[in-house]
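# Survey of secondary and tertiary structure
Here is what each chain is made of, one letter per residue.
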Amino acid sequence: MNTFQFIWQYIRRYRFKYIAGIITLFFVDFFNIFIPRITGAITDGLTASAMDMTAVSHHLLALFLLGAGLALGRFFWRYFLFGAARSIERNLRDDMFAHLEKMDVEYYNEHKTGDLMTRFTSDLNMIRMAIGPAVISVFDATVMTAMVVIQMMLYVDIRLTLLALIPMLIICFGEIYYGKVMHPKYKERQEAVSDLTDYVQESFSGVRVIKAFVQERAQMYGFLKANHHTMDKNLNVIRLQAIVMPLLDVIIGVSSLIALIYGGYLAITGQITLGRFVAFNQYINMLVWPMLACGDSINMFSQGSASIRRVQEVFAEQPEIFDTEKAVATPKIRGDITLSHLTFIHRGHSEPTLKDISLEIKAGTTLAVIGRTGNGKSTLVNLLLHLYNTKPGMILIDGRDISTIPLKDLREHIAYVPQDNFLFSDTLKSNIAFGAEAEDMDAIIRATRASCIHENIVAFPDGYETIVGERGVTLSGGQKQRSSIARALMKDAPILILDDALSAVDTDTEEQILKNLKKNRQGKTTILIAHRISTIQNADIIMVLEDGEAKEVGNHAELMALDGIYKGMFEKQQLEAAIGEKRAALHADFPEHAKAPDSDRGAAGGKRS
C-alpha cells in the first residue's frame, strides 16, 4: 500500500466534510474576487465625478455584505476541513494504539519507546497538517489563482497580466524542487527527534541508577550530544526555509513592481482607468497569499509524506502471536498443563533457552521452578502466557494445544505477577482491581489481606486512594510486590504464576503469604518461580532448571534424597542464612565489638594487598 492509499482510507471516511469544506472554500474565493472590482468602480466613479453618495453607500453596503459572507464562509470551511483533519488524526492515533497493543513482546524488545512516542505525537501532527491546512492551501492557491488571473485578463489588461505572472511561474517550478529537497531533510529531523526523545525517556526512568552511580555528568554529555544532533537536523530544515522564503518574497515583490511600473504607464497613457489600475494592484496582492500558501503546502506535504511513511512502518509490522483459524472459544479452563519436549529458541539466538522439557501438571498442583539467573525460568512463564510461539504439541492446556486457545480466553484464566511488579500511576485501589471487572472494595481487601499489604495501605494518609508514582516508584520493593500479588489474587484465576514475586519481602511475611496462598488456591494451579528454596520447598512439584534443562524434578524430600543440584542449593542457602543470623546476633549483643573486627579485617586486607 503506497502513501496515498494508506491515508486515503482515512480521508474517505470524512469525504462529505471535505466536499462541504471545499465547496464553501470555492464560494469564498469566488466572492472574494469581486472586492477589487467594487473598489475599482468606486475609484472610477469618484474620479469621473459620476457617482453620488447614494451610489457610494450602495457599493460600501455591498462590500460590507461581501465581508460578512466571507467571514461566515471562512468559519465553515475551517470547521469542515480542519475538523475532518483532527478527526483523522484521532482515528490514526486510536488505530495505532490498538495495533501496538496487539504486537508481541519481541517487537518492544527491538523498538524504543521514545521513537514510538515521536510517531504518536510529532508525526501524527505533521500528517494532520498535510491533510488539513495543506489541502486547503493547494485548493485555495489553485482556485484563487485561476479566478484572479481570469479577472485580471478580462477586467484589466491581458498584457499587464501576462507580464506580472512571469515571476509567479518561477515560484511554481522552484517550489516543486523545494519539496523534493525538503522531504529527506525532514525525515532525518524526525529520526533525530525520536532518538532524543528516547534518550530523555530512558534517563528519567533510570534516574535512580544514574544518581547511584554518579553518572549525571556523563548523562548530561550524552544528552548534549543527542540534542546537538537534533539541532543540526532542525537547522538543515530551517536553513532551506531561510533561503526559500526570502527568495519567495523577492519574486513576489518583483511581480508587484512590474504591476506598478507597467500598470502605472498604462493608466497614465489612458489605456486603462485609474480604478482598474487600483483593482489590478489588489489582484496582485491577492495572488501573494496563493503563492505563499503553495510554498507552505509543498513543505507540509513533504513533511506529512515522510511522517506517513514512518507511521506506515508501525502498521506494516504484524504480530507473530495471534489467534489462528484453529483457535476455538474456551469459556472454562481447569488448569491442567502438559509440557511435552518443550524446546524454545529466542529470535536472534543460536542456542535454545529451554531444552526438551517434559512435565505433567494436574489442576490444583503447585509447581515450583528454581534455578540460577538466565536458565529460562521467565521464558517458561512467557510461553505459558503465549507471549511467544512454540511448536504444536509442546504446551497443552487442559489437553488442548495452547495455540488453539484464543489469547483472550487463555490470559483471562491466568493471573500473573511479573518480576518488575509494574504499577500504573493511579490509586492503589485501581491498581489492585486492574484485572477485575469492578472495584469491589470487599474483594480488594480480601486480596490485600492475603498478600499481607492491607495494614501498610491503611497506614497511608489516603489509604486505598493513595496515588502511586510512575511504575509504583513511591512504594518500597516489598510493597510493590505485595500489591502486585493482591492484583493477581483479585483475578481468582484457575492458573496463578508468581515470577520471583517474593524476593523483596522478609521471611516472616513470605511464610504468611505462602500460607494464605495454600488456603486460597486449593484446587487451582499455582506456579512459583523463585531463587530461595524457602519459598518453594512445600510445593507439590519442584523443577530445577540448569542450562535450560529440567535436571531434577520431584518434591522437596525426593530432591534432597537425590543429593544433586537442589540439595547443594539448599545447603548453601541454609549456610548463608545461619551466617546471617550469627552476624545479626553479634551486632545485637556487642554492637561496638561487632563493628571493630570488620574494620580491622578491612585494614588488614589493605596491608596484605
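Refer to the structure above for everything that follows.
The rules behind the values
- Residues numbered from 1 in each chain as written.
- Predicted model: local features only at pLDDT ≥ 70, side-chain atom pairs only at ≥ 80, totals over all residues.
- Heavy atoms only, no water.
- Core = buried A, V, L, I, M, F, W, Y, C linked by side-chain atoms within 4.5 Å.
- Buried < 20%, exposed > 50% of the residue type's maximum accessible area, 1.4 Å probe, protein only.
- Helix = DSSP H or I, 4+ residues; strand = E, 2+ residues; numbered from the N terminus.
- Phe/Tyr/Trp six-rings, centres within 6.5 Å; stacked < 30°, edge-to-face > 60°.
- Lys NZ or Arg CZ within 6 Å of the ring centre and 35° of its normal.
- Salt bridge = Lys/Arg side-chain N within 4 Å of Asp/Glu carboxyl O.
- Pairing = 2+ DSSP bridges.
- Contact = heavy atoms within 4.5 Å.
- Axes fitted to C-alpha atoms, helices over the stretch in contact; angles between N-to-C directions.
- Expected span 1.5 Å × (residues − 1).
- Arc of directions from axis to C-beta.
- Polar contact = N/O pair within 3.5 Å; in protein donor to acceptor, adjacent residues only side chain to side chain.
- Parallel < 35°, antiparallel > 145°, perpendicular 65-115°, else oblique.
- Left-handed = near helix turned anticlockwise from the far one by under 90°.

Further remarks concern the nonpolar core. In this structure, Ile 370, Leu 498, Ile 536, Ile 542 and Tyr 566 are the most contacted members of the largest nonpolar core, which totals 43 residues. With five residues, helix 17 (residues 477-491) is the largest single contributor of residues to this core. Of all hydrophobic cores here, the second largest spans 31 residues; its members include Leu 354, Val 369, Leu 384 and Ile 495.

On to the packing of aromatic side chains, then. By the definition in use, this model includes 17 aromatic pairs. Judged by centre distance (5.5 Å) and plane angle (70°), the rings of Phe 30 and Phe 31 are edge-to-face. By relative accessible area, Phe 30 is classed as partly exposed at 31%. Judged by its relative accessible area of 37%, Phe 31 falls in the partly exposed class. Through successive ring pairs, a cluster of aromatic residues spans Phe 26, Phe 27, Phe 30 and Phe 31. Over the ring of Tyr 79 we find Lys 17; its NZ or CZ atom is 5.8 Å from the centre of that ring.

Glancing now at the pattern of salt bridges. All told, the structure shown has 20 salt bridges when counted by the stated rule. Where Asp 115 meets Arg 310, a salt bridge forms, and the shortest distance between an N and an O atom there is 3.6 Å. Residue Asp 115 is found in helix 6 (residues 113-131), and its partner Arg 310 is found in helix 11 (residues 274-316); the two are separated by 195 residues along the sequence. Looking at Asp 115, the relative accessible area reads 15%, which means it is buried. Taking relative accessible area as the criterion, Arg 310 reaches 3% and is therefore assigned buried. Note that Lys 551 and Glu 549 form a salt bridge whose closest N and O atoms lie 3.9 Å from each other. Residues joined in a network through salt bridges with shared partners are Asp 115, Arg 119, Asp 123, Arg 310 and Glu 313.

Turning to the environment of Ser 256, a few remarks are in order. Inspection of the secondary structure assignment puts Ser 256 in helix 10 (residues 216-268). The spatial distance from the C-alpha of Ser 256 to the C-alpha of Gln 282 is 10.0 Å, given a sequence separation of 26 residues.

So, on to the sheet that holds strand 1 (residues 337-344). Strand order across the open sheet formed by four strands is 2-1-4-5, with antiparallel pairing between neighbours. Of all strands in the sheet, those bounded by a partner on one side alone are strand 2 (354-361) and strand 5 (400-401). Where strand 4 (residues 395-397) lies against strand 5, two bridges are found, and the strand directions are antiparallel. Counterpart to Ile 397 in the pairing with strand 5 is Arg 400. Against the sheet, helix 12 (residues 377-384) makes contact with strand 1, strand 2 and strand 4, and its axis sits at roughly 120° relative to strand 1, the strand it touches most.

The end-to-end C-alpha distance of helix 2 (residues 15-32) is 25 Å, a good match for the 26 Å that 18 residues give at a rise of 1.5 Å each. Of all the residues in helix 2, the buried ones are Tyr 18, Gly 21, Thr 24, Leu 25, Val 28, Asp 29 and Asn 32. For helix 2, the buried positions fall inside an angular range of 140° around the axis, keeping them on one side.

So, on to the side chain of Glu 89. Looking at the secondary structure, you find Glu 89 in helix 4 (residues 53-102). Judged by its relative accessible area of 9%, Glu 89 falls in the buried class. Here the side chain of Glu 89 touches Arg 128 through a polar contact of 3.3 Å, side chain to side chain.

The six strands are arranged 6-7-8-3-9-10 in an open sheet whose pairing can be described as mixed. Every interior strand has two partners, whereas the edge strands, strand 6 (414-417) and strand 10 (549-554), have only one. Adjacent strand axes in the sheet meet at a mean angle of 15° when their direction is disregarded. Relative to strand 8 (residues 525-530), strand 3 (residues 366-371) runs parallel, the two sharing five bridges. What sits directly across from Ala 368, in strand 8, is Leu 528.

Attention shifts here to the packing of helix 4 against helix 6. Running from amino to carboxyl end, helix 4 crosses helix 6 at an angle of 150°, the nearest separation of the two axes being 9 Å. Here helix 4 is positioned roughly antiparallel relative to helix 6, judged by the angle of their axes. As helix 4 runs across helix 6, the sense of the crossing is right-handed. Packed against helix 4, whose contacting residues are Ala 85, Arg 86, Ile 88, Glu 89, Leu 92, Arg 93, Met 96, Phe 97 and Leu 100, the element helix 6 presents Leu 116, Arg 119, Phe 120, Thr 121, Leu 124, Asn 125, Ile 127, Arg 128 and Ile 131 at the interface.

Don't take any of this as a statement about function, it's just geometry.
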